[in-house]
Amino acid sequence: MARHTVTTAALAATAALLLTACGGPDDKPSDDIKGADGGPSAGLSASASASADGEGPDISLPKDVDLVFDFGKPSDAKHEAALADAQNYLRAMYHGIVAQDPDDPAYRYYSGGQAAQYVKSQIEAAVKGGWTPSGTEKYYDEDVTTLSDGKRTLVTFCSNQSKIFSKDIKSGEINRTEESLSSYLKFRLLMLPPSGSSKVWKAQVSEVVSKAKECRV
């Protein structure tokens, strides 16, 4: 896994390109995080019930929602921790969507600033659309980089959403779509180190680029 130093200005330029990648079944495939089963907060499993430190909020997901992180283990301890909590940020986002709760404490535990607002907007869209996720989403090609201040990190990775779909909560209908370039996303998360009483790295800026050609492998 590559380790670089990037500037804050470069990150700001990246964040300015923020695109919404999640949506309900009526959205175009390129804007669809596609998703779920059971009613709000129903059938939660213990597949990812808490943070790595064992003290975080519940981020368990239904048995039919599987987030697969095909990541290596960074040799740098700080990079390892930032990458782990980047994964928890995504689990928390899905937990909030399943719970249909725009104020779910899980994502607020793992994020702040724009990254938290991004998740809240995705949950609100799911609530408005009456859908929840179902299927498997795979994450891969991760890279953890150090910013020029030596503290914050930029975590990037790809996502394949071709096997995760939206499910109408009322009818139970799964809105299946065919695999296409729209199935591939590129995530860039600015992670801030623990501070104060917090023991986790928190996502502060979340950029999601749709139709990521470099992720289609």
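Owing to the predicted nature of the structure, the values given are computational and were not obtained by experimental measurement.

### Brief notes about the pattern of salt bridges
Two side chains carrying opposite charge are able to pair once their charged atoms lie near each other.
Here is step 1 of the chain: Tallied over the entire structure, the rule returns six salt bridges.
Here is step 2 of the chain: Residue E179 is joined to R216 by a salt bridge in which the shortest nitrogen-to-oxygen separation is 3.3 Å. Highlighted residues: E179 in the loop between strand 5 (174-175) and strand 6 (184-192) and R216 in the segment after strand 7 (202-210), separated in sequence by 37 residues.
Here is step 3 of the chain: The exposure class of E179 is partly exposed, given its relative accessible area of 36%.
Here is step 4 of the chain: A salt bridge links E207 to R188, with the shortest nitrogen-to-oxygen separation between them at 3.0 Å. Of the two residues, E207 is situated in strand 7 and R188 in strand 6; the sequence distance between them amounts to 19 residues.

### Some details on helix 2 (residues 77-99)
Here is step 1 of the chain: Taking 1.5 Å per residue as the helical rise, helix 2 with its 23 residues ought to reach 33 Å, and the 32 Å between its terminal C-alpha atoms agrees with that figure.
Here is step 2 of the chain: Burial of helix 2 is extensive: 17 of the 23 residues sit out of reach of the surface.
Here is step 3 of the chain: Its side-chain oxygen placed 2.9 Å from the backbone nitrogen of K78, D76 serves as the N-cap of helix 2.

### Structural notes on helix 4 (residues 113-129)
Here is step 1 of the chain: For helix 4, spanning 17 residues, the distance from its first C-alpha to its last is 25 Å, which sits close to the expected 24 Å at 1.5 Å a residue.
Here is step 2 of the chain: For helix 4, the full list of buried residues reads A115, A116, Y118, V119, Q122, I123 and A126. One face of helix 4 carries all of its buried residues, which in axial projection span an arc of 155°. When the buried face of helix 4 is taken as reference, the exposed residues oriented beyond 90 degrees from it are Q117 and K128.
Here is step 3 of the chain: Trailing helix 4 by a residue or two, G130 shows a phi angle of about 70°, which is positive.

### Overview of the packing of aromatic side chains
Here is step 1 of the chain: Going through the model one piece at a time under the given rule, you end up with seven aromatic pairs.
Here is step 2 of the chain: Feature note: the residues F69, F71, Y139, F157 and F187 constitute an aromatic cluster, connected by ring pairs.

### Considerations on unusual backbone geometry
Here is step 1 of the chain: Even without being a glycine, Q100 presents a positive backbone phi close to 60°.
Here is step 2 of the chain: Looking at the secondary structure, you find Q100 in the loop between helix 2 and helix 3 (105-109).
Here is step 3 of the chain: The buried category is assigned to Q100, whose relative accessible area is 16%.
Here is step 4 of the chain: Of note, D141 is a non-glycine position whose phi angle comes to about 55°, a positive value.
Here is step 5 of the chain: Within the fold, D141 resides in strand 3 (residues 131-147).

### Some details on the environment of Y140
Here is step 1 of the chain: Along the chain, Y140 turns up in strand 3.
Here is step 2 of the chain: By relative accessible area, which is 7% here, Y140 ends up buried.
Here is step 3 of the chain: In the structure, Y140 is positioned 69 residues away from F71 in sequence and 5.9 Å away in space, judged by C-alpha atoms.
Here is step 4 of the chain: Among all residues touching Y140, those that are not within four sequence positions of it are D70, F71, F157, C158, S159, N160, Y184, C215 and V217.
Here is step 5 of the chain: Among the polar contacts made by the side chain of Y140, one reaches the main-chain carbonyl oxygen of C215 at a distance of 2.5 Å.

### Here's the deal with the environment of Y109
Here is step 1 of the chain: By the secondary structure assignment, Y109 is in helix 3.
Here is step 2 of the chain: Here the alpha-carbon distance between Y109 and V200, two residues 91 residues apart in the chain, equals 8.3 Å.

### Digging into the pairing of strand 3
Here is step 1 of the chain: Counting buried positions over the 17 residues of strand 3 gives 14, a clear majority of the element.
Here is step 2 of the chain: Here strand 2 (residues 65-69) pairs with strand 3 via five bridges, running parallel. Pairing of F69 across the sheet is with Y139, part of strand 3.
Here is step 3 of the chain: Pairing of strand 3 with strand 4 (residues 153-168), which is carried by 13 bridges, proceeds in the antiparallel orientation. Residue pairing in the sheet places T145 in a bridge with L154 of strand 4.

Rules of the game
- Residues numbered from 1 in each chain as written.
- Predicted model: local features only at pLDDT ≥ 70, side-chain atom pairs only at ≥ 80, totals over all residues.
- Heavy atoms only, no water.
- Salt bridge = Lys/Arg side-chain N within 4 Å of Asp/Glu carboxyl O.
- Helix = DSSP H or I, 4+ residues; strand = E, 2+ residues; numbered from the N terminus.
- Buried < 20%, exposed > 50% of the residue type's maximum accessible area, 1.4 Å probe, protein only.
- Expected span 1.5 Å × (residues − 1).
- Polar contact = N/O pair within 3.5 Å; in protein donor to acceptor, adjacent residues only side chain to side chain.
- Arc of directions from axis to C-beta.
- Phe/Tyr/Trp six-rings, centres within 6.5 Å; stacked < 30°, edge-to-face > 60°.
- Contact = heavy atoms within 4.5 Å.
- Pairing = 2+ DSSP bridges.

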